[in-house]
Amino acid sequence: MSLDLQASIALTRFGLGARPGEIGRARQDPRGFLLAQITVAGAPQPEPGPPRSRERLAEFRTYQQQRKRARQDGDPKSDPVRMAAQRLRDEAEADFLARVRLAATTDAGFSERWALFWANHFTVSAVKADTAPLVGPFEQEVIRPYAFGRFEDMLVASSSHPAMLLYLDQAQSVGPTSMLAQRAARNGRAPGLNENLAREILELHTVGVDAGYSQADVTEFARAMTGWSIGRPDHPEEPQGFMFRPFAHEPGARAIMGRRYGEEGEAQARAVMADLAASPHTARHLAAKIGRHFISDDPPASLTDRLAKAYLSSGGRLDVVARTLVQSPETWAPAPTKFKTPYEFLVSSWRAADTAPDKVTPIVQVLTAMGQRPFSAPSPKGWPEEAAAWCGPDAIMKRMAWSEAFAAQTVGQRDPTVLAQNALGARLTPLAAATVARAETRPEGLSILLMSPEFQRR
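This report concerns the structure included in the present document. If you're wondering where the values come from, they're calculated on a predicted model, not measured in any experiment. (Residues numbered from 1 in each chain as written. Predicted model: local features only at pLDDT ≥ 70, side-chain atom pairs only at ≥ 80, totals over all residues. Heavy atoms only, no water.)

1. What about unusual backbone geometry?
Worth spelling out the cut-off: Runs of E in the DSSP output that reach at least two residues are strands. Runs of H or I that reach at least four are helices, and both are numbered from the N terminus. Only protein chains enter the accessibility calculation, which uses a 1.4 Å probe; a residue whose area is less than 20% of its type maximum is buried, one above 50% is exposed, and one in between is partly exposed.
Positive phi values are uncommon outside glycine, yet aspartate 354 reaches one of about 55°. One can find aspartate 354 in the loop between α17 (342–352) and α18 (361–369). A residue is classified by how much of its surface remains accessible, and aspartate 354, at 45% relative accessible area, is partly exposed. Of note, the phi angle at phenylalanine 375 is positive, near 60°, even though the residue is not glycine. Position of phenylalanine 375 among the secondary structure elements: in the loop between α18 and α19 (393–410). Overall, phenylalanine 375 belongs to the buried group, its relative accessible area being 11%.

Shown next as structure tokens:
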């Protein structure tokens, strides 16, 4: 395979699309170009960064208190309440715009795609009001710093972050025989055990549904996690973030997936997570997902085996897994097989045109219309990877309409044939190049490029 084609693959398959000049810079050493982006410092951070999650959580609680008082006063739509709600929405949208601008302009496209993969793996969605302001900080505090570190560290960080604890209702989970449950029962209340986070850690985040765990394992893990919570808004002495509540923890030893865990309070759930992270089931589950994201909806078994072996032999080091992905022969097959999600399509279009958006509202509108509302995956499974989810007739028509409008706004006096060569390099087929060249206008030429099969797939 020529270096020209390898450079094109490096930018379009591993990265988020090529900007003018990038394929040329990668041509000398395409694999080295990608490997250089794998650093212990983690993935790039958007600028300017949003406030930390504790500040956002405090803001949301202030809004809740204002809304409660306004309802008691018979004025639920008072100006302070509306202003607080709008501020939270504005901050969440600013987080997304910062992330989009980073994706559209970064020189480390592979590193950014790697971070976005893990953000989707550990999905926290803005479909819940109390998590919406926390999705951006979650990515900055959990995903990006640990993107090339140990998987176990990212797992613990995600499971103890306020965004995840609220999204999957772990913050309210109480052990059935804990001191808190006994006291509540005396007062006529019955706080209960919540299994959501425990179930998703097993099913989605670690070993996967094929690992053979039982409902009893889910329940026992949920009991081990009781006490993992956040500070209460009416107790200012408590942290505005993660805290372990020993009075809510279910006492006793646990048996989970054939292993026994003694009563160690907060450390009990951490010990479970350490074993889950080290499991061969987790290695294969993650390896298959990585292959499905980067290479094919049905990744080669040889690639899954190689990635899983790298994971296990390194103790779950994600930088080692990333290097193995880059160096695996299966990942450099010439034919593009992955259909871009709406987000990937927009980002690669901005990169091809060497531009970046400066307003969030149009992005929110077009991504919502295309079925990928910002920060709002429909379930803890995250956004689907399979092409069938994104290439229906209506979805294609929406992409076409956006492409035409985008091309009209951005192409200016630039030659679409040059933009096509810069965007696809050796992946630009003679037919696609000729079709772009025959366009009657420059905007039409750019629009044809963006809607070509060569551009829609990576």
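2. With respect to the nonpolar core
Soluble globular proteins: nonpolar side chains tend toward being buried together. Note the following rule: Side-chain atoms within 4.5 Å link the members of a nonpolar core, which is a set of buried Ala, Val, Leu, Ile, Met, Phe, Trp, Tyr and Cys residues. Throughout the structure description, domain borders are defined by an automatic or database domain assignment.
Counting residues in hydrophobic clusters, the biggest one holds 115 residues, and the most contacted among them are Phe110, Trp114, Trp118 and Phe221. When residues of this core are assigned to their parent elements, the largest contribution, seven residues, is made by helix α6 (residues 109–121). Counting the residues that make up this core, at least three belong to each of domain 1 (170–278) and domain 2 (339–456).

3. Considering the side chain of glutamine 456
Inclusion rule: Here a residue-residue contact requires only that any non-hydrogen atoms of the pair lie within 4.5 Å.
In this structure, glutamine 456 sits in helix α23 (residues 453–456). Sequence-distant contacts of glutamine 456, defined by excluding residues within four places in its chain, comprise Lys338, Phe339, Lys340, Phe345, Arg399, Leu450 and Met451.

4. A word on helix α15 (residues 301–313)
Convention followed: Helix span, as expected, comes to 1.5 Å for every residue beyond the first. To be clear, the arc concerns the directions from the helix axis to the C-beta atoms.
Counted at 1.5 Å a residue, the expected span for α15 with its 13 residues is 18 Å, and the 18 Å between its end C-alpha atoms agrees. Along α15, the residues classified as buried are Leu303, Thr304, Leu307, Ala308, Ala310 and Tyr311. Buried residues in α15, looked at end-on, bunch into an arc of 160°, giving them a common side. Summarising the geometry of α15, the exposed residues directed more than 90 degrees from the buried face are Ala301, Lys309 and Ser313. Here the buried face of α15 lies against α8 (151–159), α13 (266–278), α14 (280–294) and α16 (318–327). Immediately downstream of α15, the backbone of glycine 315 shows phi near 75°, a positive value.

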